[in-house]
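These are the residues of each chain, in order.
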Amino acid sequence: VRQALADLPEVYELGFDVSTESIFVSYDAALGAPKDVTGPMLAAIKAAGYDPWLSKEAWPEGATADVVTR
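Residues numbered from 1 in each chain as written. Predicted model: local features only at pLDDT ≥ 70, side-chain atom pairs only at ≥ 80, totals over all residues. Heavy atoms only, no water.

**Observations concerning a nonpolar patch on the surface**
Side chains of Phe-16, Val-18 and Ile-23 sit close together on the surface and give an oily, nonpolar patch of about 300 Å² of accessible area. Within the secondary structure, Ile-23 is located in strand β2 (residues 22–27). (Patch = residues over 30% accessible without salt bridge, like charges linked within 9 Å, V, L, I, M, F, W, Y side chains within 5 Å. Areas by Shrake-Rupley, 256 points an atom, 1.4 Å probe, with all protein chains shown as cover. Salt bridge = Lys/Arg side-chain N within 4 Å of Asp/Glu carboxyl O. Helix = DSSP H or I, 4+ residues; strand = E, 2+ residues; numbered from the N terminus.)

Right, dumping it as structure tokens:
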């Protein structure tokens, strides 16, 4: 998933919750509404062989982010 989204400049960070098999994506909100902005992200993830969907428009409460370099 990281590789699938690596070429999209809108993506800032990814969060993973392996207990629920969830991925959280952070992006620049100035780009538009979540459903509009996430279209290319969902397409990239699907092209990588996953079956994505937009579940929520916010990270879960209490979520933290760590920087991961490639």
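What follows picks up the thread again.
**Digging into the environment of Gly-49**
Along the chain, the position of Gly-49 falls in the segment after α2 (34–47). A sequence separation of 45 residues divides Gly-49 from Ala-4, and the C-alpha atoms of the two residues are 9.6 Å apart.

**Section: the environment of Tyr-27**
Looking at the element boundaries, Tyr-27 is found in strand β2. The class for Tyr-27 is buried, based on a relative accessible area of 18%. As a C-alpha pair, Tyr-27 and Val-11 span 16 residues in sequence and 4.8 Å in three-dimensional space. (Buried < 20%, exposed > 50% of the residue type's maximum accessible area, 1.4 Å probe, protein only.)

**Concerning unusual backbone geometry**
Phi at Glu-21 takes a positive value of approximately 55°, unusual for a residue other than glycine. Within the secondary structure, Glu-21 sits in the loop between β1 (11–17) and β2. On the accessibility criterion, Glu-21 (74% relative accessible area) is exposed.

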